[in-house]
Amino acid sequence: MKIAVIVFPGSNCDVDLYEALHSVCHADVEYVSHKEKSLDGFDAVMLPGGFSYGDYLRAGAIARFTNIMPAVIRMAKEGKPVFGTCNGFQILTEVGLLPGALKRNDSQKFVCKTVPLEVVNNQTIFTRQYKDHERIALPIAHADGSYFADEQTLDRLEENHQVVFRYAEENPNGSLRNIAGITNERGNVLGMMPHPERAVEALLGSTAGLRLFKSLLETGSAKVEE
Amino acid sequence: MTKVRIFVTYKQSVFDPQGETIKDAIHTLGHDDVKDVQVGKFFDVTVDGSKDAVEKTVKEIADQLLVNFNMETYTYQVMEED
Amino acid sequence: MTKVRIFVTYKQSVFDPQGETIKDAIHTLGHDDVKDVQVGKFFDVTVDGSKDAVEKTVKEIADQLLVNFNMETYTYQVMEED
Amino acid sequence: MKQAMTPEEIKEQKPYLDWSLSEAEYNYISDKLLGRLPNYTETGLFSAMWSEHCSYKKSKPVLRLFPNKNSRVLQGPGEGAGVVDIDDGQAVVFKAESHNHPTTVEPYQGAATGVGGILRDIFSMGARPVASLDSLHFGELTDPKMRMKVAGTVRGIGDYGNCMGIPTIAGETTFDPCYQGNILCNAMSVGLMDQKDLQKGRAAGVGNAVMYVGAKTGRDGIHGATFASADFSDENATQRSAVQVGDPFMEKLLLEACLEVITKHPDWLVGIQDMGAAGIVSSSAEMASEGKSGMELNLDLVPQREPNMSAYEIMLSESQERMLLCVNKGHEGDLKKVFDFYDLEAVTIGRITSGHDYVLYHDGQEVCNIPVSSLTDDVLEEASEEKKPERITKAETQPAWVPEITDAEQTLRDLLQQSTIADKKVFYQQYDSQVRTSTVVGPGSDAGVLRVRGTHKGLSMTTDGNGRFVYLNPEVGGQMALVEAAANIIASGAEPLAITDCLNYGDPNDPEIFWELHQSVKGMADACRVFDTPVISGNVSLYNENNGKAIHPTPMVGMVGLVKNIDHVIPSFAQNAGDQVYLIGKTDDDFAGAEIQKMMTGDISGIVKPFEMEHVHDYMKRLLGEMQAGNVASAHDLSEGGLGVALAETLFKTDLGMNLNLRHLSAAQLFSETPGRLIVTVPVEKAAKFEKTLGEDAQLVGEVTNTHWLEAHLKDAEVNQNVTELQKLWEEAIPCQLKSKD
Ligand SMILES: Nc1ncnc2c1ncn2[C@@H]1O[C@H](COP(=O)(O)OP(=O)(O)O)[C@@H](O)[C@H]1O
Ligand SMILES: [Mg+2]
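The structure displayed is predicted, hence computed values, not measured ones.

A. Quick peek at helix H5 (residues 210-217) of chain A. Considered for burial, the residues of H5 of chain A that qualify are Leu 210, Leu 212, Phe 213, Ser 215 and Leu 216 of chain A. Residues of H5 of chain A that are buried in the fold lie against helix H1 (14-24), strand S3 (44-47), strand S4 (82-85), strand S9 (163-167) and strand S11 (189-192) of chain A.

Structural data, given as structure tokens:
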């Protein structure tokens, strides 16, 4: 599987994603500039964390207009895996590939720490190596991570098992229904605020995020059938 | 050139902790006469063109960029023309 | 109860990186008719008391809390009374 | 051209006095350097370049005391940042900078732009910044205004570093009334590079281009450099806004563009420097001076954000996120293409000329024509008067204060809640400490540790300083700052390499303050020699006063150490029940300036006693050897609050306890702050080897238990405390004060 990591102006966890895939998972991965228009030849695309366009206006709001985004949308429509963490998640909601929006944290502050999560759905292409309702701990690092959607949307997300990760003990940002990560209806687009790419090496304190990448990489054909 | 002020706020249904925090701070200052605080942002945009063209532009940039309709809503006000 | 809208903006000479970036984004959308963008925030405060008392309160909370006079300045507007 | 005053009017009306240029300096410039009267623009340039901030005219004689070479130092002071060899063709680059005055006036932007400035210093050397540290000194949190300043400062540091994607992995935060009117915000940045990419701030080669890249120039921070060198009173609150606003997004683009040019196109570039204090004039004049060149600039070509800026304003503006490059003739277009990709401006604003003159054109007219060296090298160094303060002479004859402890347990609980000692998580959790996924040890330990990707090496780093000791005994206090930094580095299992510093003092024209500066620098310099940690970069911040009252003399030491094998990083908290606990170093009655003195008497007093640096260095070296051999399970240095606090901290975040025989110590000594001590835990099977190496310098005091109780038997007291409860007090102290309603 060949994976693209998109580099937006202001992306800064692009290295983290790339190295998790390249150095740790030995996957076939390449950086792709936001200026490119095509993702031909790639089987999956990942949007990294960071501060695209400085998070000016709203996190992810401006990145959605970059050249590469139509190609990302196309991949999502084709059922190929699309993954966004942190700023990547914010971009995926801004561009409409995932429902809802990410508000400023209730504390009004940036928060960087490791938080307990529950894997709510282990049937996705991203989570199949986790146990059902497994507890894991992943780092978060964001100022705008409070997930918001209207009640119907939230109900629909739960009915369709689109909620993949939930904050398990404390809610660090005010997310509705403790939501930390969701997929689209089809299950091939995952957005999450926590950073699994920061938890793939014991040296750095945790390997809890590793199985997310392995789930995807060991799928063979990752394409989700409709 | 027309200057338009575009006001963006959270929708009524969206909880805004910032307003609450500021209200608390105001009360700490002793101003219990302040009963409610809501926070919003605004954009002063200077646009070139006829009145109609300006309004069209304002609506377009609000719809496409300035406002996230999942949680926000907006109004605008023409400030000055020349 | 009186509702007052307090507008806070950067002082003239202060650099506003957000406004610049948003302007560039608007141009990317094709709206070259937008010549300038400035960002500000506003506070809708609901205050109890006579007209004079309300204005006094507004000035005090602006001075002490809402405005950073190192770089910001403000205006306000009485929105509605009842 | 609209010069605001004629040269004659300047001579008569002396506006330069307001810009901190003295009459003697003005006369020297007119009579000796130029042989004519300088015009308005030139006078402005001189006052900025001759300010303490740019010229170090007062502190230079003292700075010469610092050692700045050893076999690893590739670049010492004088460039954007210092560079140290870490083997394998790699180098670590670091520097610290103060942003005290801007942060006191406008905490958020002051702190943010402080971080932005130091990052540019690092990447201008050709290094990628990989970590940031900070050193913050605030007034007491009981003052609600101070609480807002603290919040703004922390948010400013966080927002800038977070947006840039550079982890902030260590730092220090202290509170003392002396910083109430003048807070200290020192930021340090550490970069990593291949030695072959090393750059200099140098402009040379007749005909080569001087290129301006990055943000447009506005009227921000005009006279920031001289402003920082002037006494600081509440009057300044009303000055018109010259606040510099940071744009970390622009800086991120600038970083990537500059590193792309440096690493991929070394043949295009002659030199590069960031525009810091005194903006275009200092960067361009310093580059020309370094390259022994002449330079001609056309200010009409400088990208400008505001209309009608004068030559003086353009040259002195401190707008952020700008760099100056000297580019080989013919490659201007190539360079512009790289910057275009990042949507950044890159403009040729001048050329290198033969000769040694610095010539500026504005509105088609020559507005400046002076020798380059007159701005950079001819500055009159100033000899300063010195006087030992009365308070120190007096204290020398008085008996030392020793606390009377009636309830050692309560004293420990109270100390853990002192804001300088209490948990700083509320602050550092606002910093992204993990981005770039190389942080092995983040904030909350003695030193932050990064791995060097692709190698087995690691870098350990810390910032330390304690103004109270320096105030009571500048020379010993200076030594202690270095020893504390070294202890933190060694506690992580790293070998100290070199240091950077920020020298934060009051008005040097006060002979007592200059004496403090001189003595403390001497103390630091001596300690640097003992530990073989040369000073490779640094920064001086004087005039830290508010309404005539100076801060404690507060030199900050930023130290970087090398971890040979990243798998052997030593944690700062206990690891296994059954491990032996050793106290390294002698404990004495050292209470002058200690946290317990401030807590119990509300003030500090007495004489800080000298200690044997060579001896401390000797056993620390042996301790490091044991660590590198894998014989040590954990190590934590003793600082504020002494042994009692360090023991508690060693157990926080674990579920372990300790049972300790401290019968050779009094209850008071549990809180003494004798320098050069550590608490170390060692697996039983390694104990014999460890004891043999450390000899008398390690004292076996007990063992790690699995009870989560801290149990210590002292000469005249017993301590038996539940660690969970201690930790709760320690963790909640600052959040509780921040939430206080009055
Ligand atoms: N402003 C800050 N930024 C980052 N980390 C900080 C800051 N203040 C304190 N810390 C972290 O909190 C811990 C305790 O700080 P301190 O008491 O100064 O440690 P020490 O006395 O060992 O130098 C350290 O890990 C330090 O890195
Ligand atoms: Mg320490």
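Let's pick the thread back up.
B. Quick look at the sheet that holds strand S21 (residues 554-563) of chain D. Residue and element names in this part refer to chain D. The strand order across the open sheet built from six strands is S14-S15-S16-S21-S17-S18, with neighbouring strands paired in mixed fashion. Looking at strand neighbours, the two that pair on one side only are strand S14 (439-441) and strand S18 (535-541), the edges of this open sheet. Recorded for the sheet is a direction-independent mean angle of 20° between the axes of neighbouring strands. Bridge count between strand S15 (residues 448-451) and strand S16 (residues 458-464): four bridges; the pairing is antiparallel.

C. Inspection of the interface of chain B and chain C at higher detail. Taken together, the contacts link 32 residues of chain B with 32 residues of chain C. Of the roughly 2800 Å² buried at the junction of chain B and chain C (both faces included), carbon and sulfur atoms supply 66%. Our enumeration of links across chain B and chain C arrives at zero salt bridges. Summed over the shared surface of chain B and chain C, the result is 14 residue pairs in polar contact (both at pLDDT 80 or more). It is strand S2 (residues 34-47) of chain B that contributes the most residues to the side of chain B that touches chain C, 14 residues altogether. When its residues are assigned to classes, the side of chain B that touches chain C shows 17 nonpolar, seven polar and eight charged. Relative to strand S2 (residues 34-47) of chain C, S2 of chain B is paired through 13 bridges, and the arrangement is antiparallel. Counterpart to Asp 36 of chain B in the pairing with S2 of chain C is Thr 46 of chain C.

D. Representation of the sheet that holds S4 of chain A in the model. Residue and element names in this part refer to chain A. Taking strand neighbours across the sheet as the criterion, the nine strands line up as S2-S1-S3-S4-S11-S10-S9-S6-S7 in an open arrangement whose pairing is mixed. Each edge of the sheet is formed by a strand with only one pairing partner; in this case those strands are strand S2 (28-33) and strand S7 (135-142). Each strand of the sheet is rotated relative to its neighbour by a mean of 25°, with strand direction disregarded. Sheet analysis places strand S1 (residues 2-7) next to S2, joined by six bridges and oriented parallel. What sits directly across from Ala 4, in S2, is Glu 30. Its contacts with the sheet place helix H2 (residues 69-77) against S3, S4 and S11, and it is angled at close to 125° to S3. Along the sheet face, helix H3 (residues 87-94) touches S3, S4, strand S10 (179-183) and S11 and points at about 120° away from the line of S4.

E. Examining empty space enclosed by the protein more closely. All names here are of chain D. On inspection of all chains with the given rule, the structure shows nine cavities of 30 Å³ or more. If you add up the space inside the largest cavity, you get close to 770 Å³. Looking at the largest cavity, it is lined by 40 residues, and the ones nearest its centre are Gly 171, Lys 424, Gly 444, Ser 445 and Glu 649. Elements that contribute at least two residues to the lining of the largest cavity include exactly strand S4 (128-138), strand S5 (168-175), helix H17 (425-428), S16, helix H19 (474-491), strand S23 (634-637) and helix H23 (642-651). Here the lining of the largest cavity takes seven residues from S5, the largest share from any one element. When the residues that make up the lining of the largest cavity are grouped by side-chain class, the tally is 14 nonpolar, 15 polar and eleven charged. If you add up the space inside the second largest cavity, you get close to 190 Å³. Around the second largest cavity sit 18 residues that line it, and Phe 469, Met 480, Glu 484, Leu 638 and Ser 639 are the ones nearest its centre. The leading source of residues in the lining of the second largest cavity is H19, at six residues. Residue composition of the lining of the second largest cavity, grouped by class: seven nonpolar, six polar and five charged.

F. Focus on the site of ligand 1. Residue and element names in this part refer to chain D. Taken together, the neighbourhood of ligand 1 is formed by 19 residues, with Asp 134, Thr 173, Gly 444, Ser 445 and Ser 639 sitting nearest. Thr 173 has a polar side-chain atom sitting 2.7 Å from a nitrogen atom of ligand 1. Within the contact set of ligand 1, an oxygen atom lies 3.3 Å away from a side-chain nitrogen or oxygen of Asp 446. With the chains in place, 91% of the 550 Å² that ligand 1 exposes on its own is no longer accessible. Of all the elements in the fold, those that place two or more residues in the shell around ligand 1 are S4, S5 and H19.

G. The pairing of strand S2 (residues 82-85) of chain D, seen in detail. Residues and elements named next belong to chain D. Alignment of strand S1 (residues 73-75) against S2, held across two bridges, turns out to be antiparallel. Note that in S2 the partner of Val 73 across the bridge is Val 84. Of the strand pairs in this sheet, S2 and strand S3 (residues 90-98) are connected by four bridges, and their pairing is antiparallel. Bridging from a neighbouring strand, Val 84 pairs with Val 92 of S3. Hairpin connection between S2 and S3: a loop of four residues separates the two successive antiparallel strands, and Asp 87 in this loop has a positive phi of roughly 70°.

Thresholds, definitions, all that
Residues numbered from 1 in each chain as written. Chains lettered and ligands numbered in written order. Predicted model: local features only at pLDDT ≥ 70, side-chain atom pairs only at ≥ 80, totals over all residues. Heavy atoms only, no water. Buried < 20%, exposed > 50% of the residue type's maximum accessible area, 1.4 Å probe, protein only. Helix = DSSP H or I, 4+ residues; strand = E, 2+ residues; numbered from the N terminus. Contact = heavy atoms within 4.5 Å. Pairing = 2+ DSSP bridges. Axes fitted to C-alpha atoms, helices over the stretch in contact; angles between N-to-C directions. Buried area = accessible area lost by both parts, 1.4 Å probe. Salt bridge = Lys/Arg side-chain N within 4 Å of Asp/Glu carboxyl O. Polar contact = N/O pair within 3.5 Å; in protein donor to acceptor, adjacent residues only side chain to side chain. Nonpolar A, V, L, I, M, F, W, Y, C, P; charged D, E, K, R; others polar. 1 Å grid on protein atoms, 1.4 Å probe; cavity = no way out; pocket = protein on both sides within 12 Å on 5 of 7 lines; lining within 4 Å. Points joined across faces, edges and corners; volume = space filled by probe spheres on them. Near = heavy atom within 4 Å. Areas by Shrake-Rupley, 256 points an atom, 1.4 Å probe, with all protein chains shown as cover.

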